[in-house]
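Observations on the three-dimensional arrangement
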Amino acid sequence: MVAHHAHVYRKVLREIAKASVKPRSARNKDIASNFRAFFAENAQSGDARPFQHDMQNVLTFLGSQRQYKALLERYNPLIDLTGEERIEATARRVGLNMPKILDPQDM
């Protein structure tokens, strides 16, 4: 049973690493230690079936979130732009150029 917990623990860690934006050295160490302690506590419990089910749900959620983010970036490339940048990009897409906005301080 402990081997299965270790296997699920490694799978969750891999999924978290894939989803993480920061490099491993920059990640919060407290979260990792609490997560490790959580797995160690549940490895000692008698009935591990609910814990395994919950961890499979976590794995499914993390994988789905990663896939959702990839699809969102692929099919909606304007998602991370500001409002003004989005308008300019949309205008360029249909063959228009936005007029230059006159700044009163430049006069």
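Everything that follows concerns the structure shown earlier in this document.
This is a predicted model, so every value here is computed, not measured. (Residues numbered from 1 in each chain as written. Predicted model: local features only at pLDDT ≥ 70, side-chain atom pairs only at ≥ 80, totals over all residues. Heavy atoms only, no water.)

**Let's talk about the environment of threonine 60**
Mapped onto the elements, threonine 60 comes out in helix α3 (residues 49-75). Residue classification places threonine 60 among the exposed positions, given a relative accessible area of 51%. Residues threonine 60 and valine 12, 48 residues apart in the sequence, show an inter-C-alpha distance of 9.7 Å. (Helix = DSSP H or I, 4+ residues; strand = E, 2+ residues; numbered from the N terminus. Buried < 20%, exposed > 50% of the residue type's maximum accessible area, 1.4 Å probe, protein only.)

**With respect to the nonpolar core**
Of all hydrophobic cores here, the largest spans nine residues; its members are Val8, Tyr9, Val12, Phe35, Phe39, Phe51, Met55, Leu59 and Leu62. It is α3 that contributes the most residues to this core, four residues altogether. (Core = buried A, V, L, I, M, F, W, Y, C linked by side-chain atoms within 4.5 Å.)

**What about the layout of surface pockets?**
Roughly 440 Å³ of internal volume is contained in the largest pocket. Leu13, Ile16, Arg27, Asn28 and Ala32 are, among the 13 residues lining the largest pocket, the residues nearest its centre. Broken down by secondary-structure element, the contributors of at least two residues to the lining of the largest pocket are α1 (2-19) and α2 (29-44). Of the residues contributing to the lining of the largest pocket, the split by class is seven nonpolar, one polar and five charged. (1 Å grid on protein atoms, 1.4 Å probe; cavity = no way out; pocket = protein on both sides within 12 Å on 5 of 7 lines; lining within 4 Å. Points joined across faces, edges and corners; volume = space filled by probe spheres on them. Nonpolar A, V, L, I, M, F, W, Y, C, P; charged D, E, K, R; others polar.)

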